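# Close look at the chain arrangement
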Amino acid sequence: MTAAKIPSISGDTGLTYLAEGAANIVYRFEIRHPTPPPSQLEEYGEGTPPPTEIESDFDEKGDGFDYRAFTPFQPLSLSHSGITTDVTLDKLLRLRKGLSTTLPVSVTQEAWERVIAPLFLPTEIVQQSLVRLESRVIHDLNTKLQHWEQDPADAQNPRPSIRRGIYLADDEFGLLFKPKWLIQSPSAPKNAVRCRQCARFARANAELARENESLKKVWCPLELSMNESRRLAQILFPPEERDEMFPRFQSWLSSNTLLPRLRQLQKALDPIGVLENDKNNDMFRAAMTLRDCSVFVRFPATVADDHLIEARIGDLDLKSPNKAQYWKDIENSLINGGWYTGTEKAEDRQPLTCQLSPKGEDAMRAFLLSQS
Ligand SMILES: O=P(O)(O)O[C@@H]1[C@@H](OP(=O)(O)O)[C@H](OP(=O)(O)O)[C@H](O)[C@H](OP(=O)(O)O)[C@H]1OP(=O)(O)O
Ligand SMILES: Nc1ncnc2c1ncn2[C@@H]1O[C@H](COP(=O)(O)OP(=O)(O)OP(=O)(O)O)[C@@H](O)[C@H]1O
């Protein structure tokens, strides 16, 4: 997109913190009529830094504007509030954090358009484009974040969880989850009894157990390939919604084409694995992006309209090459710590609940764990 076509957001545009992940903070435009509350969030994931500073991607031409990716799934029914801006307000604003593992948005947007978007139909992914921000927008938002950190009681919104968000208008139900690694890591041991994500869960839970903290609820991404949604659904839906939403989610899962496409791409784009692959290979980094993307599912108000369910993939910024060492370190620790093979140290032992785990062995493990 040329600079002339990039819409701009002026300094007096009202922006409200909605949610954040490890690399980005998402804002919505302020509107007159209240929208549903933002994500009910439990805690940051281990890789998510606090909302300290947003990076300023100053335009080299020095025209006083920042260039920003401008996302979204259009999850909110926004009515126009007369804000001074020339962007459509049924969008969200996604700003990157100032981390060595994030790239300038002009770079990620170019990579998104060149590498990621051509892999999907336009209706399969959250559309995003650049906007220009007056430079004081970032300054003002960083000041607000600093105040929030200093005085959390001032916070209007709870802190984010990246697993589930209520982000739809009242009459619809929205779901957000990360499908993670839908097939086994190519560099996992051949005798693995856990997939990459289950190995990651097991390692994380062993650490939490050592610190006497509550464990993460686990589910296996390979279950999605088998159209088995129960464990994931239990995490995603609160108890009062389960009776209605389980069958609807299951039905969507059995018929959707998005996850099979994601799985196929994860496989095709990285047949080698993180230990050997070249960090400068765009396809490899696209595979890593697709192993950490989010899926948004928008359910209509009633089951009768479920043929209108909309599902899109978002968070598709091409990963930075600076993450390559992290990927190798994690993979080596999963291999060497016995997390893939279920041979972790006895004191760290975790249940074997992966689709790759031998049936029956989990019950034996549970028994042994209860005796230890
Ligand atoms: O390594 P993983 O699989 O744990 O994934 C990381 C995510 O952890 P998760 O297991 O989804 O909670 C992690 O998410 P959280 O910090 O846990 O919210 C990030 O998404 C991280 O990517 P980046 O640093 O933002 O580029 C993710 O890193 P990569 O996808 O680059 O590996
Ligand atoms: N299109 C959207 N509609 C609704 N909510 C959204 C949308 N995009 C992002 N969010 C919310 O903002 C949060 C952070 O966004 P995003 O996943 O893009 O950040 P990230 O830093 O790239 O994440 P990660 O931790 O996976 O790297 C999401 O978990 C979700 O709650």
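Residues numbered from 1 in each chain as written. Chains lettered and ligands numbered in written order. Predicted model: local features only at pLDDT ≥ 70, side-chain atom pairs only at ≥ 80, totals over all residues. Heavy atoms only, no water.

## Comments concerning the confidence of the model for the protein chain
For the record, the criterion: By definition, pLDDT measures how confident the predictor is in each residue, and it falls between 0 and 100. Should any heavy atoms of two residues lie within 4.5 Å, those residues are considered in contact.
When pLDDT is averaged along the protein chain, the result is 77, and 71% of the positions lie at 70 or above. Every residue in residues 158–172 scores below 50 in pLDDT, and together they form 69 contacts with partners more than four places removed in sequence or on other chains.

## Observations regarding the sheet that holds strand β3 (residues 24–29)
Convention followed: Whether two strands pair depends on DSSP finding at least two bridges between them. Here a strand is any run of E in DSSP of at least two residues, a helix any run of H or I of at least four, and the numbering for each starts at the N terminus. Working convention: axes come from line fits to C-alpha atoms, limited for helices to the stretch in contact. Angles between N-to-C directions cover 0 to 180 degrees.
With antiparallel pairing, 3 strands are arranged side by side in an open sheet as β2-β3-β5. Where the open sheet ends on each side, the last strands, each with one partner, are β2 (15–20) and β5 (92–96). Averaged over all neighbouring strand pairs, the angle between strand axes comes to 35 degrees, with direction disregarded. For β3 and β5, the ladder comprises 5 bridges, and the chain directions are antiparallel. Bridging across to β5, Y27 finds its partner in L93.

## Points about the packing of aromatic side chains
Each aromatic ring pair is described using two quantities: the centre-to-centre distance and the angle formed by the ring planes. Where we set the bar: Only the six-membered ring of Trp is used, alongside the rings of Phe and Tyr, when aromatic pairs are assigned; centres must lie within 6.5 Å, and planes under 30 degrees apart are stacked while those over 60 apart are edge-to-face, with the rest tilted. Only protein chains enter the accessibility calculation, which uses a 1.4 Å probe; a residue is then buried when its area is under 20% of its type maximum, exposed when over 50%, and partly exposed in between.
Overall, the coordinates contain 6 aromatic pairs when judged by the stated rule. An angle of 85 degrees between the planes, with centres 6.2 Å apart, marks the rings of Y17 and Y27 as edge-to-face. With a gap of 10 residues between them, Y17 in strand β2 and Y27 in strand β3 connect regions that are remote in the sequence. Neither residue differs from the other here; Y17 and Y27 are each classed as buried. Seen from their ring centres, F177 and F249 are 6.0 Å apart, and the 90 degrees between their planes marks the pair as edge-to-face. With F177 in strand β7 (residues 173–177) and F249 in helix α6 (residues 239–255), this residue pair connects regions lying 72 residues apart in the sequence. What links up through ring pairs into an aromatic cluster is the set F177, F237, F246, F249 and W252.

## Description of the packing of helix α7 (residues 258–269) against helix α8 (residues 282–290)
Operational definition: In this scheme the handedness of a crossing depends on how the near helix is turned from the far one: anticlockwise by less than a right angle means left-handed, clockwise means right-handed. The residue classification treats Ala, Val, Leu, Ile, Met, Phe, Trp, Tyr, Cys and Pro as nonpolar and Asp, Glu, Lys and Arg as charged. All others, Gly included, are polar.
Where α7 meets α8, the closest approach of the two axes is 8 Å, and the angle between their N-to-C directions is 145 degrees. Crossing of α7 over α8 shows left-handed handedness. Note on element contacts: α8 touches α7 through M283, F284, A286, A287 and L290, opposite L262, L265, Q266 and L269. Here the contact of α7 with α8 is composed, by residue class, of 8 nonpolar, 1 polar and no charged.

## A short note on the pairing of β3
The element β3 is extensively covered by neighbouring structure, given that 6 of its 6 residues are classed as buried. Burial of β3 is two-sided: the residues N24, V26 and R28 facing one way and the residues I25, Y27 and F29 facing the other way are all buried. Two elements, β2 and β3, share 5 bridges in a ladder whose sense is antiparallel. Looking at the pairing, A19 lines up with V26 of β3. The hairpin turn running from β2 into β3, its antiparallel successor, is 3 residues long.

## Some thoughts on the packing of helix α1 (residues 105–116) against α8
Test applied: Any angle from 65 to 115 degrees is called roughly perpendicular, while one under 35 is roughly parallel, one over 145 is roughly antiparallel, and all others are oblique.
Their axes nearest at 11 Å, the elements α1 and α8 cross at an angle of 100 degrees. In this view, α1 runs roughly perpendicular relative to α8, as classed from their interaxial angle. Note on element contacts: α8 touches α1 through D282, M283, A286 and T289, opposite R114, V115 and I116. Each residue belonging to the contact of α1 with α8 can be placed in one class, and the counts come to 4 nonpolar, 1 polar and 2 charged.

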